[in-house]
Amino acid sequence: MVIYFVLISVMSAQIAVSEGMRRKIAQGTLERKSRSGLKASKTNASEEARRRGHETGLMYLRIGSICGIVGVVVSLALLIMMSFSHVLIAVPLLVLVVQIATTVAALTVAKDAV
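Just so it is clear, the structure is predicted and the values come from calculations on it, not from any experiment.

A. Expanded view of the pattern of salt bridges. Under the criterion given, the structure shown has 3 salt bridges. A salt bridge links Glu19 to Arg23; the nearest nitrogen and oxygen atoms lie 3.7 Å apart. In this pair, Glu19 and Arg23 are both assigned in helix H1 (residues 2–27), 4 residues apart and thus about one turn of the helix distant. Judged by relative accessible area, Glu19 falls into the buried class, the value being 8%. Here Arg23 falls in the partly exposed class, since its relative accessible area comes to 49%. Ionic pairing is found between Arg62 and Glu19, a salt bridge with its closest N-O pair at 3.0 Å. Here Arg62, found in helix H2 (residues 47–81), pairs with Glu19, found in helix H1; they are 43 residues apart in sequence, far enough to count as distant. Residue Arg62 is classed as partly exposed on the basis of its relative accessible area of 36%. Each of Glu19, Arg22, Arg23 and Arg62 takes part in salt bridges that share partners, so that together they form one network.

B. Inspection of the nonpolar core at higher detail. The biggest cluster of nonpolar side chains holds 12 residues, and these are Tyr4, Leu7, Ile8, Met11, Ile15, Val72, Leu78, Leu79, Leu88, Ile89, Val95 and Leu96. Going through the elements one at a time, H1, H2 and helix H3 (90–113) are the ones with two or more residues in this core. Looking at which element gives the most residues to this core, the answer is H1, with 5 residues. Counting residues in hydrophobic clusters, the runner-up holds 5 residues, among them Met21, Ile25, Leu61 and Ala106.

C. How the structure looks around the layout of surface pockets. Space inside the largest pocket adds up to approximately 150 Å³. Lining the largest pocket are 10 residues, with Ile25, Gly28, Arg50, Arg51 and His54 positioned closest to its centre. Breaking the lining of the largest pocket down by element, the ones donating at least two residues are H1 and H2. Among the elements that take part in the lining of the largest pocket, H2 stands out by supplying 5 residues, more than any other. Grouping the amino acids of the lining of the largest pocket by side-chain chemistry returns 2 nonpolar, 3 polar and 5 charged.

D. Spotlight on H2. Taking 1.5 Å of rise per residue, 35 residues should cover 51 Å, and H2 covers 50 Å from first to last C-alpha, within 8% of that figure. Its maximal kink placed at Leu58, H2 deviates by approximately 35°.

Cut-offs and rules
Residues numbered from 1 in each chain as written. Predicted model: local features only at pLDDT ≥ 70, side-chain atom pairs only at ≥ 80, totals over all residues. Heavy atoms only, no water. Salt bridge = Lys/Arg side-chain N within 4 Å of Asp/Glu carboxyl O. Helix = DSSP H or I, 4+ residues; strand = E, 2+ residues; numbered from the N terminus. Buried < 20%, exposed > 50% of the residue type's maximum accessible area, 1.4 Å probe, protein only. Core = buried A, V, L, I, M, F, W, Y, C linked by side-chain atoms within 4.5 Å. 1 Å grid on protein atoms, 1.4 Å probe; cavity = no way out; pocket = protein on both sides within 12 Å on 5 of 7 lines; lining within 4 Å. Points joined across faces, edges and corners; volume = space filled by probe spheres on them. Nonpolar A, V, L, I, M, F, W, Y, C, P; charged D, E, K, R; others polar. Expected span 1.5 Å × (residues − 1). Bend = angle between axes of the 7 residues up to and from the residue.

In C-alpha cells:
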C-alpha cells in the first residue's frame, strides 16, 4: 500500500515539474541558466535554437501532465472503489512510465527541431 502512495506522489511531482516548465516556456520566462528546461547540446547552441527547441517540446510536456493528472485521479478512484490489491499498482506504474516517456520525447523532439 505504501508503494502505491509513493508512486502517486512521484506522479504528482512529475506533473508539477512538467507543468511549471511548460508554463515558463510558453510565457518566455524560462531563464537560460535555470535548472529546468529541455537541455541538449543543440538547444544550448544559441538563443534561437533554445527557443525553437523548447517550443517544439511543449506539446509533449502537456501530454505528460494530462496523463499524470488522469493517472492520479484514476489511481485514487480505484483505491476508493476497490480494496487494495497488487494489481492496482500497475495503474500508477504505467502512468509514471508514460510520463517519463513523454519527457524523453520532449527532449528528443526539442533536440531534433534545431
